[in-house]
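# Fold and contact review
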Amino acid sequence: MDIAGVGEIFNERLIDLDMKSVNKREAIEELTNSLYKEGHIIDCKAFVDDVYLRENEGQTGIGNHIAIPHGKSDAVKITSIAFGRTKNDLAWESPDDEPVHVVILFAVRNVDKTTVHLKLLSQVAMALADDATLDKLLKTNDKTEIIRLLSQEMN
């Protein structure tokens, strides 16, 4: 089976550029609800619980106002990514102790948890290593551009 890249598991309906969340839990739940509405997860509570299992293992805030929480879960029907941005300062454990404004939530089926999960994380991590990309993710209102920025193959 060919492993999908970010572009194939990410769509504009899973991008929210005006999240209402005021804290970490609300942000995770808000993005989880988007995944549920799209039919990508079958049980919101079970998925959020699995995300928090991972959160307890170590920080998912990566600095520069971005967090990449992820859940590997039997509640996930289709491995996918939800992207959210808020003007609110979300308190989140991260290396620079800065508030988070962009949350990229990975929802990974348990059967995909090794290969697909690592490929997606590494693709997004490479995109986030670029300062120009980070800046655009914090500012652009073009959902197609967000998908393109996170999908770019870095050389």
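Residues numbered from 1 in each chain as written. Predicted model: local features only at pLDDT ≥ 70, side-chain atom pairs only at ≥ 80, totals over all residues. Heavy atoms only, no water.

### Some remarks on the pattern of salt bridges
Taken as a whole, this structure holds 8 salt bridges when the rule is applied. A salt bridge links Asp49 to Lys45; the nearest nitrogen and oxygen atoms lie 2.7 Å apart. Of this pair, Asp49 and Lys45 both sit in helix 2 (residues 44-55), 4 residues apart, which is roughly one turn of the helix. Here Lys45 falls in the exposed class, since its relative accessible area comes to 58%. Here Asp135 ties to Lys139 by a salt bridge, and the two come within 2.9 Å at their closest N and O atoms. Residue Asp135 and its partner Lys139 are located together in helix 4 (residues 131-139), separated by 4 residues, close to a single helical turn. Relative accessible area serves as the criterion here: at 39%, Asp135 is assigned to the partly exposed category. (Salt bridge = Lys/Arg side-chain N within 4 Å of Asp/Glu carboxyl O. Helix = DSSP H or I, 4+ residues; strand = E, 2+ residues; numbered from the N terminus. Buried < 20%, exposed > 50% of the residue type's maximum accessible area, 1.4 Å probe, protein only.)

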